[in-house]
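Architecture and fold: a report
Chain residues, written in single-letter form:
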Amino acid sequence: MRRTPLVLGATVLAAGLALTACGSDSSGDTPEVKVQDAFIPEPASGDMAAGFFIVHNGGGADTLDSVSSDIAGQVTLHSTKNGVMKEQKSFAVPANGELDFERGGNHLMFENLKRKPKEGGKVSVKLHFAKSGTVTVAFPVKAATYNPTSHASH
Ligand SMILES: [Cu+2]
């Protein structure tokens, strides 16, 4: 995680344009999204926190359009490629696949925190999908260094 929030704004427009190619799914299958392995590492400061989770999809393609939470003024979605973090407008959820938000890769950023997440607590997060609608998930707050190791197999 780079601590350079001020430069993020400039990348938003470019990133949004790059994602428009994956629109239509011809199958018409209804997506079946399930969110697992969600957590928030306790942040070092009270300004900003990261969030991680995995969306498992047993149906047709969907899109994660936005995320919101009552502890944050704003929740943004970021990708990380080759160590460079970029804000994204949305993320594709592949049909019969998964969308990963994991350390070192995609992540949520909770900005303008109204209270600091504390280890052992829970944060209610709303994931807004284009087709599946809003999925509310209680993200447990873990130690700052927590990293799940169980997800290597798929
Ligand atoms: Cu970020």
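Look up a bit, the structure's there.
Calculation rules
Here the residue index of a chain counts from 1 through its sequence in written order. Whole-chain, interface and lining totals are the exception, using all residues; otherwise, since this is a predicted model, local features are given only for residues with pLDDT of at least 70 and side-chain atom pairs are given and counted only at 80 or more. Working from all heavy atoms in the structure, the side-chain values ignore hydrogens and water. Coordination partners: N, O, S within 2.8 Å of the metal, 3.2 Å for Na, K and Ca; water not considered, so apparent gaps in a site are possible. In this description a helix means any DSSP run of H or I spanning at least four residues, a strand means any run of E spanning at least two, and both kinds are numbered starting from the N terminus. For each residue, the accessible area found with a 1.4 Å probe, counting protein chains only, is set against the maximum for its type, and the residue is called buried under 20%, exposed over 50%, and partly exposed in between. By the convention used here, residues are in contact when the closest approach between their heavy atoms is within 4.5 Å.

Concerning the coordination of the copper ion
At the metal site, the copper ion is ligated by His78 (ND1), Met85 (SD) and His107 (NE2), and these contacts range over 2.0 to 2.1 Å. Each donor residue of the copper ion belongs to the same chain, with the gaps between them written as H-x6-M-x21-H. Linking Met85 in strand 5 (residues 84-88) with His107 in strand 8 (residues 107-113), this pair joins segments that are 22 residues apart in sequence. An identical accessibility class is assigned to Met85 and His107; each is buried.

Brief notes about unusual backbone geometry
Although it is not a glycine, Asn82 sits at a positive phi angle of roughly 55°. Within the secondary structure layout, Asn82 lies in the loop between strand 4 (72-81) and strand 5. The exposure class of Asn82 is exposed, given its relative accessible area of 81%.

Examining the environment of Lys114
Turning to its location among the elements, Lys114 is positioned in the loop between strand 8 and strand 9 (122-129). Residues Lys114 and Ile71, spaced 43 residues apart in sequence, show a C-alpha to C-alpha distance of 5.2 Å. Those residues within four positions of Lys114 in sequence are excluded, and the remaining contacts are Asp70, Ile71, Ala72 and Gly73.

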